[in-house]
Amino acid sequence: MDLIHPNCMNAPSLYTKNRRNVKSPSQISHCMVPRGKRLNATRVWSFGEASGAPGSRGLATKTAAENKGSVQSSSALEQLDIERGVCVPFRKYSPDTVRREVLETRGAILSLILRGVEIVWNLGLYWSGLMYDCLVGRDTEVVPYRARQLRNLLCHLGPSFIKAGQVLANRPDIIREDYMNELCILQDDVPPFPNQIAFNIIEEELGQPLEAVFSKISSQTIAAASLGQVYRATLRDTGEDVAIKVQRPEIEPIIYRDLFLFRNLASFLNGISLEKLGCNAELIVDEFGEKLLEELDYTLEARNIEDFLENFKNDPTVKIPGVYRKLSGSRVLVMEWIDGIRCTDPQAIKEAGIDVEGFLTVGVSSALRQLLEFGLFHGDPHPGNIFALRDGRIAYVDFGNVAVLSQQNKQILIDAVVHAVNEDYVEMANDFTRLGFLASETDVSPIIPALEAIWQNSVGKGLSDFNFRIVTGKFNQLVYNYPIRIPERFSLVIRSLLTQEGICFTLKPDFKFLEVAYPYVAKRLLTDPNPALRERLIQVLFKDGSFQWKRLENLIVLAKENVARMSSNPALQAKSMQNSRKWQVQKKLDLTDTIKDGARLFFTDEGIRRQLLLAMTEDSKLHIEELVDVYRLVEDQIDLTLVAREVARGKFSSNFLI
């Protein structure tokens, strides 16, 4: 059952997965939150005050003055929701929420002044150094030094700035590529806080001593990040090994205070941001703040894990750790311990009897499923968060940083793939606008030649030589020179793909990323019953009014390749596969529904019927040979007699209803 919420744009969200596609501001007043595929049940919070705290049912009324004051602060969030194609029924972050959290604390004004002076002083000194470099003409030669200086400065200013640096490391629209490369070190070079403080936090969340729950706990951190750190422990009751993620002490008021200052400082940069990025600087801060506060709540990460478990429950090639809800809270998260091999150690992977190329195939396939099928993907798949298990599965950990793509965004991404295949660069540029990279009023004509040059240069030697990092480097130059803003969710997509391609090249330098990705996309286009994908399939098969017989054959060949490759876990060696029947899954390319839908379109859509008849008689000849070639590709994959019977039954039923 769908749950309907009036005026949901004014309601903050503690659980951002409960979203529905929206296409225009007029749709925002009434939003339906459907029970999605990746959720066990729809989690809905009743609406209370705008502060974000769950309150009584119904929407709290506001005075005219309060409404007037909140319009400007909420406009950026509304813009984000419109371009994302989602509606957020209950939001943890809003500028008003941050303002209240900061100003209502004791000694807030003095704390803000002192912190503001610290930030302005340190950033001012750094900026003056950059200006001096420009004046004396040495700005190019000191870039490595200044980049290191910026990284150290962000570490010195604390968790909010470390997190901001990690975001900037994936934002070529804001910062130069040489600085981005230096800031990437922030991903895994964060000092831990003392063990005793961490153990005290765990005991506070558990409400009992450590020794009552755990028989042992590691004396050193397994990993340390900007918001927390991880220990290994053993449960006293069951003897199971677990990972304990602990939040940094007193970090929440620090984050709120810094976000308040960030947004106020951003208001002075709106002019520059509008010119360079096509949006207000406040919108960028709102994107950052929303994501940061979501990561700060470990109950949300627990829900993320549950969603991933639901998504991959029938996939025997992927391992998602379980979460111990009764032992977890907003500051502590207890998860199943993953005993795996670091994904950048090819020798250890081989010694475990795992086929390296097969393991990479599993990884690419699972990443594509997250992005294009589920719309919920791991936003930080660096080598410390991905492991190879000895049974051939790929394991993911750390689900604090995940991103959601709406159905609308996924369809536009597939549109972009179709337009790239058809070399329709005008529509590719329009796709950028629809995804939020460009403001709606931006003239895309100057960008079209640049997009064409990037794509042509990237695939000029063939798709097998396609290198995502090279393409991204060229794209970074494009976004730096044009008023293009990379939405936060897509910066995560880019980082995710770049990181995973880097892992692939570390394990196997000659690995062809697209040789795995294209068969998956081909299978989705040919077999997914989604009407939007059916429409994209038609767009791929027809170019300039002509039916692309060769393209159809290539799609079928690639899709069959994907099915054959994933019919068993490709990461397991052949000798292991003989003793493991549990990996056996679908072995044939099931085109039954596709053929039935095609037949139904042929009989009911006059335009499609005319196009298909013309395809059979193009160039003044019958294309029987091409049809026979297609038939030979699929004859061993489907029962044509059964399909013909079902098509006839469907045609008869349609005529009867008419």
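Conventions used here
Residue numbers run consecutively from 1 along every chain, following the written order of its sequence. In keeping with the model being predicted, local features are shown solely for residues with a pLDDT of at least 70 and side-chain atom pairs are shown and tallied solely at 80 or more, while totals for entire chains, interfaces and linings include all residues. Note that the side-chain values use all heavy atoms of the structure and ignore hydrogens as well as water. The numbering of helices and of strands both runs from the N terminus, where a helix is a DSSP run of H or I of at least 4 residues and a strand a run of E of at least 2. Accessibility here uses a 1.4 Å probe with only protein chains present; expressed as a share of the type maximum, an area under 20% marks a residue as buried, one over 50% as exposed, and anything in between as partly exposed. Any two residues whose heavy atoms approach within 4.5 Å at even a single point are treated as in contact. All accessible areas in this document rest on Shrake-Rupley with a 1.4 Å probe, and a residue is counted as covered only by the protein chains that are shown. Only C-alpha atoms enter the line fits that serve as axes; for helices the fit covers just the stretch in contact. Angles between N-to-C directions range over 0 to 180 degrees. By definition in this entry, angles of less than 35 degrees are roughly parallel, angles greater than 145 are roughly antiparallel, angles of 65 to 115 are roughly perpendicular, and the rest are oblique. Note that Gly is not counted as nonpolar here; it falls among the polar residues with everything else outside the nonpolar set of Ala, Val, Leu, Ile, Met, Phe, Trp, Tyr, Cys and Pro and the charged set of Asp, Glu, Lys and Arg. By this rule, a helix spans an expected 1.5 Å times one less than how many residues it contains. Within this document, salt bridges are pairs made up of a side-chain nitrogen of Lys or Arg and a carboxyl oxygen of Asp or Glu, the two lying within 4 Å of each other. Candidates for patches are residues over 30% relative accessible area with no salt bridge; among them, like charges are joined within 9 Å and nonpolar side chains (Val, Leu, Ile, Met, Phe, Trp, Tyr) within 5 Å. A pair of Phe, Tyr and Trp rings is counted when the ring centres sit within 6.5 Å of each other, with Trp represented by its six-membered ring. The angle between the planes then sorts it: under 30 degrees is stacked, over 60 is edge-to-face, the rest tilted. If you view the pair so one helix is near and one far, a crossing is left-handed when the near helix is turned anticlockwise from the far one by less than a right angle, and right-handed when it is turned clockwise. Each polar contact in these results corresponds to two N or O atoms within 3.5 Å; when the atoms are within protein, one needs to be able to donate a hydrogen and the other to accept it, and residues that are neighboring in sequence are counted only if both atoms are side-chain atoms. The criterion for strand pairing is that DSSP finds at least two bridges linking the strands in question. Across the chain, each position has a pLDDT score giving the predictor's confidence in that residue, from 0 to 100.

Chemist: Help me out: how do you make sense of the overall build of the chain in this one?
Modeler: When helices and strands are tallied, the chain shows 27 helices and 15 strands. Put simply, the chain has 658 residues, and 52% of those count as buried. Contacts in the chain between residues at least 24 apart in sequence constitute 70% of all its contacts with a sequence separation of at least 6. Carbon together with sulfur atoms contributes 55% to the accessible area of the chain, which is approximately 31300 Å² in total.

Chemist: Would you mind showing me how to read the packing of helix α3 (residues 108–136) against helix α4 (residues 143–157) here?
Modeler: The geometry of a pair of packed helices is captured by two quantities: the angle between their axes and the separation between those axes. Axis separation between α3 and α4 bottoms out at 12 Å; the angle between their running directions is 180°. With respect to each other, α3 and α4 are oriented roughly antiparallel. Between α3, through R115, E118, N122, L123, Y126, G129, L130 and D133, and α4, the contact on the second element is made entirely by R146, A147, Q149, L150, L153, H156 and L157. Class assignment for the residues of the contact of α3 with α4 results in seven nonpolar, four polar and four charged.

Chemist: How should I be thinking about helix α14 (residues 356–374) in this particular structure?
Modeler: Since the α-helix turns once every 3.6 residues, residues separated by three or four places project in the same direction. Here α14 contains 19 residues, and its C-alpha end-to-end distance of 26 Å stays within 8% of the 27 Å for a straight helix at 1.5 Å per residue. Downstream of α14 by a residue or two, G375 has a phi angle that is positive, lying close to 70°.

Chemist: What is the right way to look at the pattern of salt bridges in this model?
Modeler: Where charged atoms from two side chains of opposite charge come close, those side chains can pair. For the structure shown, the criterion picks out 29 salt bridges. Of the charged contacts in the structure, one is a salt bridge between R331 and E204, with a shortest N-O distance of 2.8 Å. Residue R331 is located in the loop between β7 (318–319) and β8 (332–336), and its partner E204 is located in helix α7 (residues 195–206); the two are separated by 127 residues in the primary sequence. Of the residues examined, R331 reaches a relative accessible area of 25% and is grouped as partly exposed.

Chemist: Could you clarify how one ought to interpret a nonpolar patch on the surface in this entry?
Modeler: Together, L103, I109, I113, V117, W121 and L125 line one region of the surface with nonpolar side chains, adding up to about 630 Å² of accessible area. In terms of residues, the nonpolar patch owes the most to one element, α3, which gives five residues. By secondary structure assignment, the location of L125 is in helix α3. Judged by relative accessible area, L125 falls into the partly exposed class, the value being 46%.

Chemist: How do you make sense of unusual backbone geometry when you look at a structure like this?
Modeler: Across residues other than glycine, the phi torsion is negative in most instances, and most of the peptide bonds are trans. With a phi angle near 50°, E250 is a residue other than glycine that sits in the positive phi range. Examined against the element boundaries, E250 turns out to sit in the loop between β6 (241–247) and α9 (251–266). The phi dihedral of D398 is positive, around 65°, even though this residue is not glycine. With respect to the secondary-structure elements, D398 resides in the loop between β12 (394–396) and β13 (402–404). Residue D398 is classed as partly exposed on the basis of its relative accessible area, which comes to 26%.

Chemist: Please clarify how the environment of I454 should be interpreted in this entry.
Modeler: Assignment of secondary structure puts I454 in helix α17 (residues 447–459). Sequence separation between I454 and G473 is 19 residues, and the spatial gap between their C-alpha atoms is 9.9 Å.

Chemist: I'm lost on the packing of aromatic side chains in this one. Help?
Modeler: The description of two aromatic rings rests on the distance between their centres and on the angle between their planes. One pass over the structure, following the stated rule, counts seven aromatic pairs. With a centroid separation of 5.3 Å and 55° between ring planes, the pair formed by F199 and Y231 is classed as tilted. Of this pair, F199 sits in helix α7 while Y231 is found in strand β5 (residues 228–235), placing the two residues 32 residues apart along the sequence. Take F199 and Y231: they sit in the same class, and that class is buried. An angle of 70° between the planes, with centres 5.1 Å apart, marks the rings of F432 and F437 as edge-to-face.

Chemist: Looking at this model, I keep getting lost on the environment of G384. Mind explaining?
Modeler: Positionally, G384 belongs in the loop between β10 (376–378) and β11 (386–388). Residue class for G384 comes out partly exposed when judged on its relative accessible area of 22%. Between the C-alpha atom of G384 and that of A223, which follows or precedes it by 161 residues, the distance is 8.6 Å. If sequence neighbours within four positions are ignored, G384 has contacts with R342 and V397.

Chemist: Where do I start with the packing of helix α15 (residues 407–421) against helix α16 (residues 425–434) in this structure?
Modeler: In contact at an axis separation of 9 Å, α15 and α16 are set at 165° when each is read in the N-to-C sense. Comparing their axes, α16 and α15 come out roughly antiparallel. Of the two possible hands of crossing, α15 and α16 adopt the one that is left-handed. Listed contacts from α16 to I412, D415, A416, H419 and A420 of α15 are E427, M428, D431 and R434. Taken together, the residues that form the contact of α15 with α16 break down as four nonpolar, one polar and four charged.

Chemist: What's the story with α3 in this structure? I'm lost.
Modeler: The end-to-end C-alpha separation of α3 is 42 Å, in line with the 42 Å expected for 29 residues at 1.5 Å each. Along α3, the residues classified as buried are A108, L112, R115, G116, I119, N122, Y126, G129, L130 and D133. Looking at the buried side of α3, the elements it contacts are α2 (95–103), α4, α5 (159–168), α6 (177–183) and α9. Immediately downstream of α3, the backbone of G137 shows phi near 75°, a positive value.

Chemist: So what exactly am I meant to see when it comes to the side chain of D133 here?
Modeler: Looking at where D133 falls in the secondary structure, it is placed in helix α3. In this structure the side chain of D133 is engaged in a polar contact, spanning 2.8 Å, whose partner is the side chain of R138. Leave out the neighbours within four places in its chain, and D133 touches R138, D139, V142 and R146.

Chemist: Explain the pairing of β6 here, please?
Modeler: The side chains of a regular strand alternate between the sheet's two faces. Burial runs high along β6: six of the seven residues are buried. Where β5 and β6 come together, seven bridges link them in antiparallel fashion. Counterpart to Y231 in the pairing with β6 is I244. Linkage of β5 to β6, two consecutive antiparallel strands, is achieved through a turn of five residues, within which G239 is found at a positive phi near 80°.

Chemist: I tried to follow the sheet that holds β12 on my own but got confused; where do I start?
Modeler: Hydrogen bonds between backbone groups are what pair the strands of a sheet, and the pairing can be parallel or antiparallel. Across the sheet, which stays open at both edges, the four strands sit in the order β7-β12-β11-β9 with mixed pairing between neighbours. Among the strands making up the open sheet, the edge pair consists of β7 and β9 (341–342). Both β9 and β11 contribute to a ladder of two bridges, which runs antiparallel. Each bridged residue has a counterpart across the sheet, and for R342 the counterpart in β11 is F387. On the sheet, α14 packs against β7, β11 and β12 and is oriented at approximately 45° with respect to β12.

Chemist: I tried to follow the side chain of R248 on my own but got confused; where do I start?
Modeler: Of note, R248 is situated in the loop between β6 and α9. Overall, the relative accessible area of 14% leaves R248 in the buried class.

Chemist: I keep staring at the confidence of the model for the chain and nothing clicks. Help me out?
Modeler: Low pLDDT marks regions whose predicted coordinates should not be analysed in detail. Per-residue pLDDT for the chain has a mean of 76; in total, 77% of the residues score no lower than 70. Segment residues 1–72: pLDDT under 50, and 164 contacts once partners within four positions in sequence are set aside and those in other chains are kept. A low-confidence stretch, residues 652–658 stays under pLDDT 50, and its non-local contacts, those more than four residues away or across chains, total zero contacts.

Chemist: Help me out: how do you make sense of the environment of E203 in this one?
Modeler: Mapped onto the elements, E203 comes out in helix α7. E203 sits 129 residues away from V332 along the chain, and the two C-alpha atoms are 9.5 Å apart.

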